[in-house]
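# Per-entry structural report
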Amino acid sequence: MTHKGIAKRIIPCLDVKNGETVKGTNFVNLRKAGDPIELGKAYSRAGADELVFLDITASHEGRKTFTDMVTRVAAEINIPFTVGGGINAIEDVERLLGAGADKISINSAAIKNPDLINTITSRFGSQVCVCAIDARNEDGEWFCYLNGGRIRTEHKLLEWAKEVEDRGAGEILFTSMNHDGVKNGYANDILRVLSENLSIPIIASGGAGCKEHFKDVFIEGKADAALAASVFHFGEIPIVDLKKYLHDEGINVRL
């Protein structure tokens with residue numbers, strides 16, 4: 001069995017509010033704390049390739065709490081991690097990279113101010129800039145959304161994704177709003193279109209419910225990485241088991 005090419009990545013996503021992971025954490029014995037650092041350490045030990053921490057408390061006080069958490073994560077976790085949420089200016093990027101984050105993720109701010117992508121990548125390099133795109137399929141046409149999926153824009157997915165790449169972003173984190181939380185699998189058809197039309201890596205988000213969905217997103221969706229939250233937080237799919245399954249299915253993963 002051949003395992004060719006760059007290894008596919010498995011990325012748990014932690015939504016952080018006031019220093020706590022939300023969505024609940026039934027991962028081994030961490031359930032009472034919901035501490036993102038303890039959860040991140042457990043995922044790191046279990047073989048996660050990277051982590052994503054999203055600050056969902058956008059207030060000034062929330063930002064301070066989140067930045068403190070990033071500093072602690074950097075001190076205790078030895079796999080790369082991305083942070084996002086409420087990043088609107090180069091000062092936010094400097095603060096979070098200074099706290100120890102490896103990459104930052106921007107979404108609404110990039111649509112509102114596309115030059116922010118150029119500014120980040122020219123100052124820090126493409127590898128630190130992940131552009132998150134939330135889109136919904138409406139009668140066969142994919143439109144991008146702002147503010148956590150609350151505001152529809154006229155940006156069409158593929159056109160915006162190409163612009164993001166042209167402006168220097170290192171990766172795209174794509175969430176299908178149609179698939180998010182439904183656990184029926186990822187949006188493999190549009191993921192394949194993105195992967196075939198872009199040269200930067202595509203991280204798939206939204207729809208993981210079982211191990212087969214991860215296999216499908218790598219084979220059918222041609223994604224470079226797969227992100228998930230609740231199936232990991234609630235222990236439904238242990239990362240060790242998932243990676244062994246993928247390896248046995250002929251997918252190149254780091255064991």
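Just above, that's the structure.
Residues numbered from 1 in each chain as written. Predicted model: local features only at pLDDT ≥ 70, side-chain atom pairs only at ≥ 80, totals over all residues. Heavy atoms only, no water.

## Remarks on the packing of helix 1 (residues 36-46) against helix 2 (residues 60-76)
Close contact between helix 1 and helix 2 brings their axes to 10 Å; oriented N to C, the two are set at 30 degrees. Judged on the interaxial angle alone, helix 2 and helix 1 are roughly parallel. As for the relative orientation of helix 1 and helix 2, their crossing is right-handed in sense. Mapping the contact onto sequence places Pro 36, Ile 37 and Lys 41 in helix 1 and Met 69, Arg 72, Val 73 and Glu 76 in helix 2. Tallied by class, residues from the contact of helix 1 with helix 2 come to four nonpolar, no polar and three charged. (Axes fitted to C-alpha atoms, helices over the stretch in contact; angles between N-to-C directions. Helix = DSSP H or I, 4+ residues; strand = E, 2+ residues; numbered from the N terminus. Parallel < 35°, antiparallel > 145°, perpendicular 65-115°, else oblique. Left-handed = near helix turned anticlockwise from the far one by under 90°. Contact = heavy atoms within 4.5 Å. Nonpolar A, V, L, I, M, F, W, Y, C, P; charged D, E, K, R; others polar.)

## Here's the deal with the nonpolar core
Of all hydrophobic cores here, the largest spans 73 residues; its most connected members are Phe 53, Ile 106, Phe 174 and Phe 214. Considering each element in turn, this core owes the most residues, five residues, to helix 3 (residues 90-99). Among all residues touching Phe 174, those that are not within four sequence positions of it are Ile 133, Ala 135, Trp 142, Leu 157, Ala 187, Ile 190, Leu 191, Leu 194, Ile 203, Ala 204 and Ser 205. Counting nine residues, the second largest nonpolar core, distinct from the first, contains Ile 11, Cys 13, Val 52 and Ile 203. (Core = buried A, V, L, I, M, F, W, Y, C linked by side-chain atoms within 4.5 Å. Buried < 20%, exposed > 50% of the residue type's maximum accessible area, 1.4 Å probe, protein only.)

## Digging into the pairing of strand 8 (residues 151-156)
One ladder, built from three bridges, connects strand 7 (residues 141-146) with strand 8; its direction is antiparallel. Bridged to Leu 146 within strand 8 is Ile 151. (Pairing = 2+ DSSP bridges.)

## Quick word on the layout of surface pockets
Any space left empty among the atoms is revealed by the rolling of a water-sized probe across them. By volume, the largest pocket amounts to about 1200 Å³. In terms of lining residues, the largest pocket is bounded by 40 residues, among which Asp 15, Leu 54, Asn 107, Asp 134 and Gly 148 are the most central. For the lining of the largest pocket, the elements supplying multiple residues, two or more each, are strand 1 (9-17), strand 3 (51-55), strand 5 (103-106), helix 4 (108-112), strand 6 (129-138), strand 9 (171-176), strand 11 (225-228) and helix 9 (230-233). The element that contributes the greatest number of residues to the lining of the largest pocket is helix 4, accounting for three residues. Split into classes, the residues belonging to the lining of the largest pocket amount to 16 nonpolar, 16 polar and eight charged. (1 Å grid on protein atoms, 1.4 Å probe; cavity = no way out; pocket = protein on both sides within 12 Å on 5 of 7 lines; lining within 4 Å. Points joined across faces, edges and corners; volume = space filled by probe spheres on them.)

## What about helix 6 (residues 157-166)?
Every buried residue of helix 6 is accounted for by Leu 157, Trp 160, Ala 161, Val 164 and Glu 165. An end-on view of helix 6 places all buried positions within 140 degrees of arc, on one side of the element. Turned more than 90 degrees off the buried face of helix 6, the exposed positions are Glu 159 and Asp 166. Remark: Gly 168 follows helix 6 within two positions and exhibits a positive phi of approximately 110 degrees. (Arc of directions from axis to C-beta.)

## Examining the packing of aromatic side chains
Counted by the stated rule, this structure contains five aromatic pairs. On the basis of an interplanar angle of 65 degrees and a centroid distance of 6.3 Å, the ring pair of Tyr 43 and Phe 232 is categorised as edge-to-face. Highlighted residues: Tyr 43 in helix 1 and Phe 232 in helix 9, separated in sequence by 189 residues. Taking the relative accessible area as the measure of exposure, Phe 232 reaches 0% and is therefore buried. Summarising the aromatic geometry, the rings of Tyr 186 and Phe 214 are spaced 5.9 Å apart at their centres and angled 75 degrees between planes, so their arrangement reads as edge-to-face. Of the two residues, Tyr 186 sits in the loop between strand 9 and helix 7 (188-197) while Phe 214 sits in helix 8 (residues 211-219), which places them 28 residues apart along the sequence. Residues Tyr 186 and Phe 214 agree in their burial class; the two are buried. (Phe/Tyr/Trp six-rings, centres within 6.5 Å; stacked < 30°, edge-to-face > 60°.)

## Digging into the environment of Lys 183
With respect to the element layout, Lys 183 can be found in the loop between strand 9 and helix 7. Considered as a pair, Lys 183 and Val 217 are 34 residues apart in the sequence and their alpha carbons are 13 Å apart. In contact with Lys 183, other than residues within four places in its own chain, are Gly 207, Ala 208, Gly 209, His 213, Ser 230, Val 231 and Glu 236. Polar side-chain contacts of Lys 183 include one of 3.0 Å to the side chain of Glu 236. (Polar contact = N/O pair within 3.5 Å; in protein donor to acceptor, adjacent residues only side chain to side chain.)

Remember, this is a structural readout, not a statement about activity or role.
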